[in-house]
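Results of the structural survey
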Amino acid sequence: MALDQDWDDEDQDEDKDGTEMSFMDHLEELRWHIIRSIASIVIFTIMAWIFRNEIFGIIIMGPTKVDFYTNQVLCHLAELTGMTSLCMQAADFILQSREVSGQFMMALTQSIIVGLLFAFPYAFYEIWRFIRPGLKEKEQKAARGAVFWVSLLFFIGVSFGYFVVAPMAINFLANFKLDPSIQNQFDINDYISLLSMLTLACGLTFQLPMIAFVLSQVGILTPSFMREYRKHALIVILLVAAIITPSPDVISQLLVAFPLFGLYEISILVSGRVLRRKMREEALESNS
């Protein structure tokens, strides 16, 4: 993966005047990076609070509806393949607020989660601005575009979790019953926690190529190692897919497993590219 999308070219070492920053100076600088990160989260949280009704009705409750985009695609796929189980039924459950402050806390929680999601690129950018000056020139060059790729992979992962994983998991759990006489009545905070966990977990899981890049850069991970344990990784991915999508439908599990395995293969390519670049640099240094 070529990390050539440099969003942070202007953020070079802030003490170019040759003076070395003291420990307290570093702490002060870190404090301001953290303050700006928190400020971005607060701003997006306030915006999410203003539009809390639309966010809840359209986004939060979206995966439970029959006309949700993912369900329409799966129903169309069910018609083509004849596998009617792919088409999800209406989620059979009732949401309740069991505490006096339940709905207020739910609105606040969803606003904070949305604020975290949208502020993630800038918050990571601030942290990266603090870390980058401590890297060597070669390391800075190798990590160009880190903010762009981390943010892109994060939002792809969140989208995958929201549009693929969450609808399948919620539909299965909401319609699973030991006996028809038992009615599913879920607390609203539990539902939001489940939806948040699934989407955020996928957002972090999709950082696998970046993790492979960092580990390869420091010499811990190699492409040969990842190829050697490819079969083991496939088994782990299938287990993770089975846990994420508790539905017994094999197609649903494969829909989750294929992107995860694709990330693993991309990580091998990333690790290989890092290794080849390091070998070229070592060859140039030995010849000079």
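Predicted model, so just to flag it, every value in this text is computed and none were measured. Positions within a chain are numbered from 1, following the residues in the order the chain's sequence is written. Per-residue local features are limited, in this predicted model, to residues with pLDDT of at least 70; the limit for side-chain atom pairs, both in listing and counting, is 80 or more; totals at the level of whole chains, interfaces and linings are taken over all residues. Side-chain numbers come from the whole structure's heavy atoms, not from hydrogens or water.

**As for the overall build of the chain**
Which entries qualify depends on this criterion: Secondary structure elements are taken from DSSP: a helix is a run of H or I of four residues or more, a strand is a run of E of two residues or more, and numbering for both begins at the N terminus. Residue burial is assigned from relative accessible area. The probe radius is 1.4 Å, only protein chains are included, and a residue is buried under 20% of its type maximum, exposed over 50%, and partly exposed in between. The contact criterion used is simple: two residues touch if any of their non-hydrogen atoms lie within 4.5 Å. In these tables, accessible area is a Shrake-Rupley quantity obtained with a 1.4 Å probe, and a residue counts as shielded only by the protein chains included in the view.
For the chain, the count of helices and strands is 11 helices and 2 strands. The N-to-C order of helical and strand elements in the chain reads α-α-α-β-α-α-α-β-α-α-α-α-α. Classification of the 288 residues of the chain by burial places 38% in the buried group. Across the chain, every contact between residues at least 6 apart in sequence was considered, and the portion connecting residues at least 24 apart equals 83%. Summed over its atoms, the accessible surface of the chain is roughly 16,900 Å², and 67% of this surface lies on carbon and sulfur atoms.

**Points about the layout of surface pockets**
Operational definition: Site definitions follow a grid-based scheme: protein atoms alone, a 1 Å grid, a 1.4 Å probe that fits but cannot get out for cavities, and for pockets an open set with protein on both sides within 12 Å along at least five of seven lines, plus lining residues having an atom within 4 Å of a point. Grid points are joined across faces, edges and corners, and a volume is the space filled by probe spheres set on the points. Each residue gets one of three labels, nonpolar for Ala, Val, Leu, Ile, Met, Phe, Trp, Tyr, Cys and Pro, charged for Asp, Glu, Lys and Arg, and polar for the others, Gly among them.
Roughly 540 Å³ of internal volume is contained in the largest pocket. Listing elements by their share of the lining of the largest pocket, those giving two or more residues are α4 (102-131), α5 (137-142), α6 (146-175), α8 (208-217) and α11 (250-287). Of the residues forming the lining of the largest pocket, the biggest block, 5 residues, is contributed by α11. Of the residues assigned to the lining of the largest pocket, the class counts are 14 nonpolar, 1 polar and 8 charged.

**Side note on the environment of Asn184**
By the element assignment, Asn184 lies in the loop between α6 and β2 (185-187). Sequence spacing of Asn184 and Asp92 is 92 residues, and the spatial spacing of their C-alpha atoms is 7.1 Å. If sequence neighbours within four positions are ignored, Asn184 has contacts with Asp92, Phe93, Ile94, Leu173, Ala174, Asn175, Phe176 and Lys177.

**Quick look at empty space enclosed by the protein**
Here the structure, examined in full by the defined rule, presents 1 cavity of 30 Å³ or more. In this structure, the largest cavity encloses a volume near 40 Å³. Taken together, Pro63, Thr64, Lys65, Val66, Asn71, Met88, Gln89, Ala90, Ala91 and Asn171 make up the lining of the largest cavity. Of the residues belonging to the lining of the largest cavity, the class tally is 5 nonpolar, 4 polar and 1 charged.

**Considerations on a nonpolar patch on the surface**
Just so we agree on the cut-off: Put simply, a patch holds well-exposed residues, over 30% relative accessible area, that have no salt bridge, with like charges counted together within 9 Å and Val, Leu, Ile, Met, Phe, Trp or Tyr side chains within 5 Å. Throughout this description, the term salt bridge denotes a Lys or Arg side-chain nitrogen within 4 Å of a carboxyl oxygen of Asp or Glu.
Nonpolar side chains collect at one region of the surface, where Ile34, Ile38, Val42, Ile46, Ile50, Phe51, Ile127 and Ile131 lie side by side and expose about 700 Å² of accessible area between them. Those elements that provide at least two residues to the nonpolar patch are α1 (23-50) and α4. Element by element, the count of residues in the nonpolar patch is highest for α1, at 5 residues. Tracing the sequence through the fold places Ile38 in helix α1.

**Quick look at a positive patch on the surface**
The test is simple: Charge assignment in this entry is limited to Lys and Arg as positive and Asp and Glu as negative, and neither His nor the chain termini are counted. Positions of charges follow a simple convention, taking NZ of Lys, CZ of Arg, CG of Asp or CD of Glu.
Together, Arg227, Arg273, Arg276 and Arg280 give the surface a local cluster of positive charge. The leading source of residues in the positive patch is α11, at 3 residues. Tracing the chain through its elements places Arg276 in helix α11. Taking relative accessible area as the criterion, Arg276 reaches 48% and is therefore assigned partly exposed.

**Describing the packing of aromatic side chains**
Rule in force here: Aromatic pairs are defined between Phe, Tyr and Trp rings, using the six-membered ring for Trp, whenever the two ring centres lie within 6.5 Å; interplanar angles under 30 degrees are classed as stacked, those over 60 as edge-to-face, and all others as tilted.
Using the criterion set out here, one finds 14 aromatic pairs in the structure. With centroids separated by 6.2 Å and ring planes inclined at 20°, the aromatic side chains of Phe44 and Phe118 adopt a geometry described as stacked. Of this pair, Phe44 sits in helix α1 while Phe118 is found in helix α4, placing the two residues 74 residues apart along the sequence. Look at Phe44 and you get partly exposed, because its relative accessible area is 28%.

**Some words on the confidence of the model for the chain**
Applicable threshold: What pLDDT reports is the predictor's confidence in each residue, on a scale of 0 through 100.
Within the chain, residue pLDDT values average 82, and 88% of them lie at 70 or more. Long-range and interchain partners of residues 1-18, a stretch whose pLDDT sits below 50, account for 46 contacts in this model, where long-range means more than four residues apart.

**Describing the nonpolar core**
Filter applied, for reference: The term nonpolar core refers to a set of buried residues drawn from Ala, Val, Leu, Ile, Met, Phe, Trp, Tyr and Cys, joined through side-chain atoms within 4.5 Å.
Ranked by size, the top nonpolar core spans 39 residues in total, and within it Phe160, Tyr191, Leu195 and Val256 carry the most contacts. When residues of this core are assigned to their parent elements, the largest contribution, 9 residues, is made by α6. In this view, Tyr191 contacts Ile60, Met61, Pro63, Thr64, Phe93, Leu95 and Ile170; residues no more than four positions away in its chain are not counted. Listed in part, the 5 residues of the second largest apolar core include Trp128, Ala143, Ala146 and Val147.

**With respect to the UniProt feature "transmembrane region" (unreviewed entry) in the chain**
To be explicit about the condition: UniProt positions are given in the numbering used here, feature names are shortened, and annotations may be inferred rather than shown by experiment.
Per the UniProt record, "transmembrane region" (unreviewed entry) is annotated on residues 30-52, 73-91, 103-125, 146-174, 194-220, 232-248 and 254-275. The span residues 103-125 carries 100% helix and 0% strand; its end-to-end C-alpha distance comes to 33 Å. Counting secondary structure, residues 194-220 comes out at 81% helix and 0% strand; the distance between its end C-alpha atoms is 34 Å.

**Let's talk about the environment of Met105**
In this fold, Met105 is placed in helix α4. Overall, Met105 belongs to the partly exposed group, its relative accessible area being 36%. Separated by 84 residues in sequence, Met105 and Asn189 place their C-alpha atoms 8.1 Å apart.

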